[in-house]
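The lines below spell out each chain.
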Amino acid sequence: MSAFSSLAFSAVEITNLLPLTAVIVCIGATIMFLIKAAVILRVQADDVLRPSNVAQQNHNVHVPRLKMTRVHIPFTFRLLDAGNNSFDEVRLAVSSQVRYSLQAFWGVSIRELHVSLWRTWNDLRKASSSLIVDSSYCQQLATNVRCCQPHSEHIIALQSPKPPLILGAPPRLAYPLVVFMIRETEPDELLHPDETVILVNVVHLRDPVCPLPTSILAQYLKQASGQLSCLKQLYLATGDPMTADEGSGGPTATSAGGSNNGGAGGSGGSSGASSGVPTGTLSLAEPVACAGNNEPLLCSDSAPRDCPVGEQLCVVCHYFPLSRALLPCRHTCICAVCFSKLDRCPMCRATITSYFCIRNEEYLPANTTNELKVNSKPKGTVHWLDALNDRLTDFLGFR
């Protein structure tokens, strides 16, 4: 009898649990459905929630344009065999279009470096007559080459310091290697305020404590006016060299720019460049913090040309040449016509907040130019799907 009662009780208990189990299963199925729907909408169904009518999109797209100042960088700098560089030997490739001095230092104090870069050009020029970095703020002098004449690209090998550097564990208080390329001028020579006078290259070297690949951490541009800017690479649609036109002033930094392995060509330089001739790669120079209201610069190591060789085409229409660099992602991949129809970068899907021109846009027919002006209406509120997409992209680390 007791066994029968126990079985009956178990049956009743199971019967009571069935609704709860069904609820849990339903909730799980609903969650899975919502996840799948979100993925499908994110990948394929933008048009369901956002009309794809081109004319309607044109009325919603209005992105401010940054007015850029053109700056010429006479120096190029890049690392060779960056993946293999270590403290044993560092191989650099440099070129210059003006007379200059090259000074390199091991173990430079980060704080003192940035403080010294804010000094005026006259103070830095006087300091460079001996050493631009005081010996008390660095561990060793790597090289000091004076009065170099203009030359095409050649290779410099810096040998490992003796005794070895002591940088400690991250976060470190010193940069492993800092290379200065300093313009040589006569005492009474007057330079235009926008002239580039110093290119500062900060290099990280792989070591057992910090095994990150050897690379250019940052590149700084110092102008005769005293303005200090940080060079950032522009990502062109292809790896081919490209030279900016005169039309829409924008600075182009080709061999200095820096990120990753090579600073060739000013702006961030492509790591694979092997030619001794400047490639004319573009880069963006942004004023560093506390630089006042100075505008960003577009930098180049080559003189402007009206008809670039090997002109790159827009990745959307493959008809007009690309002419606009998008911010904040810095992808340079579209023409003015396609730009008016987009609110996101076609390369990385980042929201376009502003842009600047890297060349003139005289290729546009007159009627097209008028249409672009008419269709540039103020942009409305950000679509909730765009905001959610941006947050999800940032959270997953895809941008």
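See the structure above.
Reading the values: the criteria
Residues numbered from 1 in each chain as written. Predicted model: local features only at pLDDT ≥ 70, side-chain atom pairs only at ≥ 80, totals over all residues. Heavy atoms only, no water. Buried < 20%, exposed > 50% of the residue type's maximum accessible area, 1.4 Å probe, protein only. Helix = DSSP H or I, 4+ residues; strand = E, 2+ residues; numbered from the N terminus. Pairing = 2+ DSSP bridges. Salt bridge = Lys/Arg side-chain N within 4 Å of Asp/Glu carboxyl O. Arc of directions from axis to C-beta. Contact = heavy atoms within 4.5 Å. Core = buried A, V, L, I, M, F, W, Y, C linked by side-chain atoms within 4.5 Å. Phe/Tyr/Trp six-rings, centres within 6.5 Å; stacked < 30°, edge-to-face > 60°. Axes fitted to C-alpha atoms, helices over the stretch in contact; angles between N-to-C directions. Patch = residues over 30% accessible without salt bridge, like charges linked within 9 Å, V, L, I, M, F, W, Y side chains within 5 Å. Areas by Shrake-Rupley, 256 points an atom, 1.4 Å probe, with all protein chains shown as cover. Disulfide = S-S within 2.5 Å.

Asks: Whenever I open this one, the pairing of strand β13 (residues 297-300) confuses me. Can you help?
Replies: Here is the key point about a regular strand: its side chains alternate between the two faces of the sheet. The alternating pattern of β13 places Leu297 and Cys299 and Leu298 and Ser300 on opposite faces, both of which are buried. Of the strand pairs in this sheet, strand β1 (residues 69-72) and β13 are connected by four bridges, and their pairing is parallel. From the neighbouring strand, valine 71 faces β13, where its bridge partner is cysteine 299.

Asks: What exactly am I supposed to notice about the pattern of salt bridges here?
Replies: Pairing of side chains with opposite charge becomes possible as their charged atoms draw close. Following the criterion strictly, the structure yields six salt bridges and no others. In this structure, the salt-bridge partner of arginine 324 is glutamate 361, at a minimum N-O distance of 2.7 Å. In this pair, arginine 324 sits in strand β14 (residues 324-327) while glutamate 361 sits in the loop between β16 (354-357) and α7 (366-374), placing the two residues 37 residues apart along the sequence. As far as burial versus exposure is concerned, arginine 324 and glutamate 361 are alike and both buried.

Asks: Explanation requested: helix α5 (residues 121-128) in the structure shown.
Replies: For α5, every residue scored as buried is listed here: Trp121, Leu124, Ala127 and Ser128. Buried positions in α5, seen along its axis, are confined to an arc of 125° and lie on one side of it. Packing partners of the buried residues in α5 comprise β4 (100-109), α4 (110-117), β5 (140-148), β7 (174-183), β8 (196-204) and β9 (215-223).

Asks: Looking at this structure, I do not really get the sheet that holds β14. What am I missing?
Replies: The strands making up a sheet associate through backbone hydrogen bonding, with each pair oriented either parallel or antiparallel. Spatially, β11-β15-β14-β16 is the arrangement adopted by the four strands of the open sheet, whose pairing is mixed. Both outer strands of the open sheet, β11 (235-236) and β16, are each paired with one neighbouring strand and no more. Here β11 pairs with strand β15 (residues 331-334) via two bridges, running parallel. For leucine 236, the partnering residue across the bridge sits in β15 and is threonine 332.

Asks: So what exactly am I meant to see when it comes to the nonpolar core here?
Replies: Considering soluble globular proteins, one finds that nonpolar side chains tend to be buried as a cluster. Residues Phe77, Val90, Leu158, Leu177, Met181, Leu221 and Cys299 are the most contacted members of the largest nonpolar core, which totals 31 residues. Within the second largest apolar cluster, 23 residues are counted, among which are Leu113, Leu124, Tyr220 and Cys230.

Asks: Sorry, what's going on with the environment of serine 215 here?
Replies: On the secondary structure map, serine 215 appears in strand β9. Taking the C-alpha atoms as reference points, serine 215 and aspartate 81, 134 residues apart in sequence, are found 10.0 Å from one another.

Asks: Can you help me understand the packing of aromatic side chains in this one?
Replies: The geometry of an aromatic ring pair is captured by two quantities: the separation of the ring centres and the angle between the planes. For the coordinates displayed, the defined rule picks out four aromatic pairs. Each ring, one from phenylalanine 339 and one from tyrosine 355, has its centre 4.5 Å from the other, and the planes form 50°; the classification is tilted. Remark: tyrosine 355 occurs in strand β16 and phenylalanine 339 occurs in helix α6 (residues 336-339); sequence separation between them is 16 residues. Tyrosine 355 matches phenylalanine 339 in its accessibility class, with the two residues each being buried.

Asks: Before we go on, may I ask you to explain the sheet that holds strand β12 (residues 283-287) in this structure?
Replies: The nine strands lie next to each other as β1-β13-β12-β10-β9-β8-β7-β4-β5, forming an open sheet whose pairing is mixed. Unpaired on one side and paired on the other, β1 and β5 mark the two borders of the sheet. Mean inter-strand twist for the sheet, computed between neighbouring axes without regard to direction, equals 25°. Pairing of β12 with β13, which is carried by three bridges, proceeds in the antiparallel orientation. By the bridge assignment for β13, serine 283 is matched with cysteine 299. Along the sheet, α4 makes contact with β4, β7, β8, β9 and β10 (228-233), crossing β7 at roughly 20°.

Asks: So what exactly am I meant to see when it comes to a nonpolar patch on the surface here?
Replies: On the surface, a nonpolar cluster with roughly 450 Å² of combined accessible area is contributed by Val23, Ile27, Ile31, Met32 and Ile35. By the element assignment, isoleucine 35 lies in helix α1 (residues 2-43).

Asks: Where do I start with α4 in this structure?
Replies: Each α-helix winds once per 3.6 residues, and so residues spaced three or four apart point in a common direction. For α4, the full list of buried residues reads Glu112, Leu113, Ser116 and Leu117. All buried residues of α4 fall inside an arc of 135° around its axis, so they share one side. Tucked into the core, α4 has its buried residues touching β4, α5, β7, β8, β9 and β10.

Asks: It is not clear to me how the environment of alanine 127 should be interpreted in this structure. Could you clarify?
Replies: Looking at the secondary structure, you find alanine 127 in helix α5. Since its relative accessible area comes to 15%, alanine 127 is described here as buried. Those residues within four positions of alanine 127 in sequence are excluded, and the remaining contacts are Arg119 and Ile132.

Asks: Please explain unusual backbone geometry as it appears in this structure.
Replies: Note: most peptide bonds trans; most residues except glycine with negative phi. For the bond running from proline 170 to proline 171, omega is -5°, close enough to zero to count as cis. Mapped onto the secondary structure, proline 171 falls in the loop between β6 (151-159) and β7. In this structure, the amide linkage connecting leucine 327 to the following residue, proline 328, adopts the cis form with an omega of 10°. Within the fold, proline 328 resides in the loop between β14 and β15. Here the phi dihedral of cysteine 147 falls at roughly 50°; this positive angle occurs in a residue that is not glycine. Mapped onto the elements of the fold, cysteine 147 is located in strand β5. Residue classification places cysteine 147 among the partly exposed positions, given a relative accessible area of 46%. The residue arginine 330 is not glycine, and still its phi comes out positive at about 70°.

Asks: Looking at this model, I keep getting lost on the pairing of β12. Mind explaining?
Replies: Taken together, the five bridges between β10 and β12 define a ladder with antiparallel strand orientation. When the bridges of β12 are listed, cysteine 230 appears paired with glutamate 286.

Asks: Help me understand the state of the cysteines, please; the structure alone is not making it clear to me.
Replies: Structurally, a disulfide amounts to a covalent bond that connects the sulfur atoms of two cysteines. For the structure shown, the criterion picks out zero disulfides. Here cysteine 147 is not disulfide-linked; the sulfur of cysteine 148 is the nearest cysteine sulfur, at 7.8 Å.

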